Amino acid sequence: MHVRIGVITDTAKWSSLCKREGSVGAGRIMDLSGVPANLLGRVSNDGSRVDLHRLKLTSVPEWLRTLTAITHLDLSDNQLTSVPEWLGNLTLLTALDLSDNQLTSVSDSLVNLTALTALDLSDNQLTSVPESLGSLTGLTTLDLSVNYLASVPGPLGNLTALTRDRKSTRLNSSHIT
């Protein structure tokens with residue numbers, strides 16, 4: 001098996017390589033041509049991990065939607081005020097870190113992230129979280145601490161895979177009224 005690492009920006013070469021080596025998304029080749037050159041170092045070679053923390057981002061970059069093999073996405077410590085609906089289309093995500101932003105709400109589209117095992121929404125300005133998060137039964141870690149939650153939706157009780165210490169500790173430090 002031959003492994004090639006690099007970025008192909010020539011569309012004709014990309015098409016030729018895909019035909020010869022296998023399809024995109026089959027775990028063999030990931031098209032990183034949409035990733036800005038200055039951020040390539042923040043994306044793993046196979047496109048499965050993206051670390052965009054501490055970049056002062058005010059919105060989630062559109063080019064992320066093309067990296068459908070992402071399993072770990074770190075958008076922490078930015079200035080995000082919202083999360084786009086299309087983020088729910090990155091269905092291979094197992095870890096999503098949106099901590100230390102300025103989020104006031106979270107999209108219901110996150111319910112599509114059924115492979116998610118870790119979700120960090122701490123240190124935001126959330127006043128509520130969608131009840132639909134209760135259907136993410138694979139979550140082992142959910143951090144809602146340091147927010148302004150009026151209450152925690154009852155369906156979050158369905159998240160029985162949460163580790164006991166994490167569940168009790170990280171919810172209690174929210175400003176639940």
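Procedures and definitions
Residues numbered from 1 in each chain as written. Predicted model: local features only at pLDDT ≥ 70, side-chain atom pairs only at ≥ 80, totals over all residues. Heavy atoms only, no water. Helix = DSSP H or I, 4+ residues; strand = E, 2+ residues; numbered from the N terminus. Buried < 20%, exposed > 50% of the residue type's maximum accessible area, 1.4 Å probe, protein only. Contact = heavy atoms within 4.5 Å. Areas by Shrake-Rupley, 256 points an atom, 1.4 Å probe, with all protein chains shown as cover. Pairing = 2+ DSSP bridges. Axes fitted to C-alpha atoms, helices over the stretch in contact; angles between N-to-C directions. pLDDT = per-residue confidence, 0-100.

1. Remarks on the overall build of the protein
Next, step 1: When helices and strands are tallied, the protein shows two helices and five strands.
Next, step 2: Its helices and strands in sequence order give the protein the pattern α-β-β-β-β-β-α, from N to C terminus.
Next, step 3: Counting all 177 residues of the protein, 41% fall into the buried class.
Next, step 4: In the protein, 30% of the contacts between residues at least 6 apart in sequence involve partners at least 24 apart.
Next, step 5: Carbon together with sulfur atoms contributes 49% to the accessible area of the protein, which is approximately 9,400 Å² in total.

2. Notes on the sheet that holds strand 5 (residues 141-143)
Next, step 1: The five strands are arranged 1-2-3-4-5 in an open sheet whose pairing can be described as parallel. Of all the strands in the sheet, just strand 1 (49-51) and strand 5 have a single pairing partner and so form its edges. Put simply, the sheet's adjacent strands are angled 5° from each other on average, direction ignored.
Next, step 2: Pairing geometry for strand 1 and strand 2 (residues 72-74), over three bridges, is parallel. The residue of strand 2 that forms the bridge with Val50 is Leu73.

3. A word on the confidence of the model for the protein
Next, step 1: Confidence along the protein averages 83 in pLDDT terms, with 76% of residues attaining 70 or more.
Next, step 2: In this model, residues 17-28 is a region of pLDDT below 50 whose contacts with residues beyond four sequence positions or in other chains number 15 contacts.
Next, step 3: Here residues 165-169 is modelled with pLDDT under 50, and outside its nearest four sequence neighbours on either side it reaches five contacts, counting other chains as well.

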